[in-house]
Each structure stands twice: as C-alpha cells, then as structure tokens.
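Understanding the architecture of this molecule
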Amino acid sequence: MIRSITGLRKLGLVLLAGLLISLAACNRGQTAADVMAKVNGRKILRSEVDKYYVNQTANAPQQPTDEQSTSLKLGILKELIDNEILMQRAEKLGLLATNEEVDQKLNEIKAPYTQEEFDKRLKERKITLDDFKRDLRRSITIDKVMNREITSKIAISDSDIGNYYNAHKAEFNLIEPQYHLAHIFVTTQPNPQVRNLKNDKAQSEPEARKKIQMIMNRLDSGEDFATAAMNYSEDTESAGNGGDLGFTPQSALSKTDSATRDAVTKLKPGQYSGVITIANPETKQVFGFRIVKLIAKEPAGQRELNDPRVQQAIRDQLRDRREQLLKAAYYDVVRDQAKVENYFAEQILKDNGLAK
C-alpha cells in the first residue's frame, strides 16, 4: 500500500498495543475544527487522531516539540485516511469482516491470557473491548481486500524462476558454510516501538526473564517456533517473519556473542537453543534474552536450479517483490479514485503562509 503493506496496516493492526479508534462517527454538535479530513464525505475526527497520538507518545522519553507533534499527527491522519479508503473499498466488494471472523481472531489473541489478565491489559491502555474489536475488524477487512485484489492473483512461473537463477547464479554459490537461523528476542528495556501480534512487551529485566521462560515453556509444549516469534518476539526486524534471520555465514557467526555462537554450533537443523542471556561483556548488564533455532545448515558450494530449496527461495523472493509493487500501485489507484479532503494539511499550509 503506501510504502508497504506493513506501513499501510500499522494503525489498522491493533493487537494489545493500544491503538484506539474513536466512536465519534455519530457525535453531535461537531464543529469544523473537530473534522480533520473527509474521505468521500466520511469524516475523520480530531478525537481519533488525538487518541492515536497520545498512545504513540505516552511512553516516549521526552515529549515531541510542536513541529514534531504536528508532523506526527499529520502522519497519523494520513494513515487513517488510507485505512478509510480501503474500508470503503471493502464495502463495495462485500469483504467487510464478519462478527464470526472478529470473534475468532479475538479468541486467538486472548488465548495466552486469563480473562483477568486480558481485561487488565485493556484497562492499562485505556482501550474498551469495543474499541479493540473495531480495530480487529478493520485489520481483518484490509487483509481480505488485499488478498482478493492482489495476493491471490500473483503467479510465479517456472520460467520466472529460471530467468532469475540464470541472472543471479553467483548468489547461490556459497563460499563458506551458512546457518539459516531464526530467533525470539526479548529486551529488558521499555520500547514503545516494539510490535508483535500479541503486542506484548517486557518492561524490566524481571519481566523479560519471566516472559522468555514462558515462551520456552510454550515451545517445549509443542508450539510452532515461527508462531511464537510472531506473537511474542520483540525484534522489530524479524518478528513479522516468524523470527527468520535468513542465512548467516560462518565467519559472521564467529563474530557474534559467544553464548549465541556456542549454542548454534551445538544445534542440529530443526532444534532450538535454551534461553541465551545477552549482556554487555564489560559491564555485565543484561539487556535481553533470546532463543535461537537452527532451521538449516548449508555447506559451501554452488546450489543448482534443480534444488527445490533454491526454487522455493526464488519463488518466495519474486512473490514478495511483486506483491509489494502491486499493492503500492493498487493503493495509488484506489486513492486517486477517492475524494479526500485533508483539512489539517490545508491548515498547516495556511498557518505557514503557504495556503493556495
């Protein structure tokens, strides 16, 4: 979508992070100042933007300047506009999420918690259950639109794969052994930027220790590693991929921390390590914990096109690239078809003497 599907859905994915949607669609007595934008006549209210703003800045070490605040609100409003465009598109396509789909997703998210724990998390973030379900409905709906319009229509042919391999054959010639790794990482420091499907973030070292042990218990009970990573990992770069770190050359592995290096070299493909403590080697201060999985170990040498793993890797890469391109183009088209009135942006220009 705007930059990528992740960027497009950032405000639509509400997991327990606390991104709030207001109930203001039916508010009475609204003034012009209450309406920050319209999408095909539907209002986006200041209260919606303000709630997202408060949520994103609440745990910041210092509050943004006036200019930073305005910029952040402008970005929030733009994403609310983006989401509203897709929600309206979903209505036309008959793809709005059903109550059953929302309830099913809600139950999946609640599963690791007792009702008391779940209610406490909602209360801490000042989210009502209705707010939470409303954002779930939006997230599911957007997924359905993009799957119907884009993802389901992407086809990668054998010739596509062959052409890519012939043009990038050197990429499949490993000059040294490589380790295909995944990990689940939990930090000891509060970080409002952390996002995972459960929106679960440890706030201190004791919480981090408790959380990583909980994850280990779930893995030992048979939970899929990638699912656990997407739900709980605090590594913003890999959580969305199921913790997948890709291939690490042996030379690079030798330069990582000794605890991780020692754990990985003892693993067989498919196995995961115990809890690894990550600490500053000089101060011994603990700043995180991780569990590492060895997905595969590749010896040095040329990988041929007839290797199913090579074909699948190319197919996945080509599909991802094409999906991102088509989603961006799709979004541009539906946005051009919408009538968007961004009063907040107009006011910013006016306040700076740049009004048209």
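Just so it is clear, the model here is predicted, and its values are computed rather than measured.

What counts and how
- Residues numbered from 1 in each chain as written.
- Predicted model: local features only at pLDDT ≥ 70, side-chain atom pairs only at ≥ 80, totals over all residues.
- Heavy atoms only, no water.
- Phe/Tyr/Trp six-rings, centres within 6.5 Å; stacked < 30°, edge-to-face > 60°.
- Helix = DSSP H or I, 4+ residues; strand = E, 2+ residues; numbered from the N terminus.
- Buried < 20%, exposed > 50% of the residue type's maximum accessible area, 1.4 Å probe, protein only.
- Lys NZ or Arg CZ within 6 Å of the ring centre and 35° of its normal.
- Salt bridge = Lys/Arg side-chain N within 4 Å of Asp/Glu carboxyl O.
- Pairing = 2+ DSSP bridges.
- Axes fitted to C-alpha atoms, helices over the stretch in contact; angles between N-to-C directions.

Moving on, we get to the packing of aromatic side chains. The full count for this structure, using the stated rule, is three aromatic pairs. A centroid spacing of 6.4 Å and a plane angle of 35° characterise the contact between phenylalanine 225 and tyrosine 272, whose relative ring orientation is tilted. In this pair, phenylalanine 225 is assigned in helix H9 (residues 225–232) and tyrosine 272 in the loop between helix H11 (258–265) and strand S6 (276–279), connecting sequence segments 47 residues apart. Given a relative accessible area of 5%, phenylalanine 225 falls into the buried group. For tyrosine 272, a relative accessible area of 27% gives the class partly exposed. When the ring centre of tyrosine 53 is taken as origin, the NZ or CZ atom of lysine 73, which lies over that ring, is 4.9 Å away.

What follows concerns the pattern of salt bridges. All chains considered together, the criterion is met by 21 salt bridges. Between glutamate 223 and arginine 218 there is a salt bridge whose closest N-O contact spans 2.7 Å. Among the charged side chains, a salt-bridge network with shared partners connects Asp200, Lys201, Lys211 and Glu234.

Right, let's get into the sheet that holds strand S2 (residues 42–45). The three strands lie next to each other as S2-S1-S9, forming an open sheet whose pairing is antiparallel. This sheet does not close on itself; its edge strands, each paired only once, are S2 and strand S9 (340–342). Recorded for the sheet is a direction-independent mean angle of 20° between the axes of neighbouring strands. With four bridges connecting them, strand S1 (residues 35–39) and S2 associate as antiparallel partners.

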